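# Close look at the chain arrangement
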Amino acid sequence: MDGQIFDKNSITQTTYKALGIHHLSHIAEIGHLSKEQIHNIRIVGQVFPFRTNRYVLTELINWNKIPNDPIYRLVFPQRAMLEDTEFTRMADLIKLDAPRSEIDDLCREIQCKLNPHPAGQRELNIPTEESGSIDGLQHKYRETALFFPSRGQTCHAYCTFCFRWAQFTGNTDLKISSKDSNAMQTYLAKNKQLTDLLITGGDPMVMKTRVLERYLTPMLHNASLEHIVNIRIGTKALSFWPHRFTDDTDADDLMRLFEKVVQTGRHLAIMAHFNHPRELETDSVRHAIQRIRNTGAVIRTQSPLLNHINNNENIWADLWKQQVKLGLIPYYMFVERDTGARHYFEVPLAKCLEIYQKAIRQVSGLARTVRGPSMSATPGKVEISGIETIGNERVFVLRFLQGRDPSWVGRPFFAKYNPQATWLDHLEPAFKQSSFFFEER
Ligand SMILES: *Cc1c(COP(=O)(O)O)cnc(C)c1O
Ligand code: SF4
């Protein structure tokens, strides 16, 4: 793949080589990683997927600022992502040069403890037809189906906090994806309540244009799919590999494909993932944004709020201001999900709200399209709307932005204030209620 340097499967053989050197022109900076840092990356990189590329290394990471550099932390496995005991166990195996199968067993054991499929992704959201479950499709909210094309289930680089990390660890029975799109189209055709198809991954933008075209083109002129009026593509390629939209060999074809979608009268939304303003600052990303916007596609943005990366209101205000200036529409601020190395990245809900409110107060109305902080939890997307004292009780004010049951959407509800809580399942109903309304039968 273009620009890709290494991934988890090759890390044991090639980490030193890749970090050290061969492909890179900026050996000197990379050399600033200490032996200990490389060792830590190697150990933690067994459990969490690790991949980076030339653009991330040379244009995004500021090597003078590591290890605190936000993009370094976004891409390079960090020591503290593993608990001490697990780190030590893995380090011992590596030191002893243990057989691959033993290392894999330990990886598997650790991964299984890290809630690899949060929010019922696997059990609850995969639609079933008479023939069994439909591979690569999730349908949770009435209007929108998610499609996971099998060729789009990797990314140009991997985020250390990724909530879909289980897909990248070579652990096949943890994966969800689909090879052919026929079953998907049949399902979409039957479900007229759908308006949106969200193509996601991984990152669908790792696919060649002709592969993406194979999925999309048949849909565009299929009369039974006229109700699918919005097509979204979830991607971090603008951040990790903007060349995908500018000078990759099939970048021009991709722009033509986007134009074709728009010409059918549909809304094409690029759901772009940006965690830090740095990702918006290079000439390459600005050029890519311009080209996408010229096709008539709209770029909306989303990101989780992450400890060690963007847990500061000024970073968010800057992120949204830059996005609006560049013509992007801020869409979601997420709470870091309850999976993977959450103990490293999570931020208490109360703090998330504080950051959101302080950031939103600094920007004009054009950036206040962003909603959140929001938890993508099993019952739905739950926004923390406020912290108030009602009667004598301090409470979180919450509401559903999306609900497994559409009638829940927009309905406020209340939880006891808990300054440590980092996820919905840490919250208890306020006002002496025994359950939240959505837990009642
Ligand atoms: C977020 C999400 C969607 C899209 O929700 P919107 O509010 O329309 O952006 C669809 N399906 C799942 C499973 C989601 O998590
Ligand atoms: S780009 Fe998205 S799917 Fe890929 S590693 Fe990052 S968070 Fe995960």
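The present account deals with the structure reproduced in this document. A quick note: this is a predicted structure, and the numbers were derived from the prediction, not measured.

Moving on: the site of ligand 2. In the vicinity of ligand 2, the contacting residues are Cys155, Tyr158, Cys159, Cys162, Phe168, Gly202, Lys236 and His273. Cavity membership is defined here by more than half of the atoms lying within 2 Å of grid points; on that basis ligand 2 lies in the largest pocket. Across the shell around ligand 2, the residue classes tally to five nonpolar, two polar and one charged.

A few words on the site of ligand 1. Lining the immediate surroundings of ligand 1 are Lys140, Tyr141, Thr144, Leu146, Arg232, Tyr331, Tyr332, Lys381 and Gln402. Within the side chain of Tyr331, one N or O atom sits 2.6 Å away from an oxygen atom of ligand 1. At 2.8 Å from an oxygen atom of ligand 1 is found a side-chain nitrogen or oxygen belonging to Lys381. Against a free-state accessible area of 380 Å², the protein chains account for coverage of 86% of ligand 1. Of the pockets mapped on this structure, ligand 1 occupies the largest pocket. Where the shell around ligand 1 is concerned, the elements lending two or more residues are strand E5 (137-141), strand E6 (144-147) and strand E11 (329-335). Here the residues of the shell around ligand 1 are counted per class, giving four nonpolar, two polar and three charged.

Soluble globular proteins tend to pack their nonpolar side chains together in the buried interior. Counting residues in each nonpolar core, the largest one holds 129 residues, and the members touching the most others are Phe76, Leu238, Phe245, Phe258 and Trp320. Residue contributions to this core peak at eight residues, all from helix H15 (residues 349-360). Apart from residues lying up to four places away in sequence, Trp320 is in contact with Pro330, Met333, Tyr356, Ala359, Ile360, Val363, Ala367 and Val370. Counting nine residues, the second-largest nonpolar core is a separate cluster that includes Phe148, Leu198, Met271 and Tyr332.

On to unusual backbone geometry, then. Residues other than glycine predominantly adopt negative phi, and peptide bonds predominantly adopt the trans conformation. In this structure, Pro67 follows Ile66 across a cis peptide bond, with omega equal to 5 degrees. Its location among the elements puts Pro67 in the loop between helix H4 (54-60) and helix H5 (70-75). Note the cis peptide between Gly201 and Gly202, where omega equals 20 degrees. Within the secondary structure, Gly202 sits in the loop between strand E7 (196-199) and helix H9 (209-220). Even without a glycine there, the phi angle at Asn115 is positive, about 50 degrees. Take Asn115: it is sitting in the loop between helix H7 (100-112) and strand E3 (128-129). The exposure class of Asn115 is partly exposed, given its relative accessible area of 31%. Non-glycine residue His308 carries a positive phi angle of around 75 degrees. On the secondary structure map, His308 appears in the loop between strand E10 (298-305) and helix H13 (313-325). By relative accessible area, His308 is classed as partly exposed at 29%.

Scoring rules and cut-offs
In this numbering scheme, every chain counts its residues from 1 along its sequence in written order. Naming scheme: in the order in which they are written, chains are lettered from A and ligands are numbered from 1. Local features in this predicted model are restricted to residues whose pLDDT is 70 or higher, and side-chain atom pairs enter the listing and the counts only when it is 80 or higher, whereas totals over whole chains, interfaces and linings include all residues. Side-chain measures here rest on the full set of heavy atoms in the structure, leaving out hydrogens and waters. Working definition: residue near molecule or strand if any one of its non-hydrogen atoms lies within 4 Å of it. Lining residues are defined by having an atom within 4 Å of a point belonging to a cavity or pocket. Those points lie on a 1 Å grid over the protein atoms alone, cavities being sets where a 1.4 Å probe fits but cannot get out and pockets being open sets with protein on both sides within 12 Å along at least five of seven lines. Pocket occupancy is defined atom-wise: a molecule lies in a cavity or pocket when more than half of its atoms are within 2 Å of its grid points. Any residue outside Ala, Val, Leu, Ile, Met, Phe, Trp, Tyr, Cys, Pro, Asp, Glu, Lys and Arg is labelled polar, Gly included; the first ten of those are nonpolar and the last four are charged. Definition of a polar contact: a pair of N or O atoms within 3.5 Å, with one able to donate and the other able to accept a hydrogen when the atoms are protein atoms, and with sequence-neighbouring residues admitted only if both atoms are side-chain atoms. In short, Shrake-Rupley with a 1.4 Å probe defines the accessible areas, and a residue's cover is counted only from the protein chains shown. By the criteria applied, helices consist of DSSP H or I runs no shorter than four residues and strands consist of E runs no shorter than two, each listed in order from the N terminus. Definition of nonpolar core: a set of buried residues of the types Ala, Val, Leu, Ile, Met, Phe, Trp, Tyr and Cys, connected through side-chain atoms within 4.5 Å. Each residue gets one of three labels from its accessible area relative to the maximum for its type: buried under 20%, exposed over 50%, partly exposed in between, using a 1.4 Å probe on protein chains only. Every residue pair with non-hydrogen atoms within 4.5 Å of one another is taken to be in contact.

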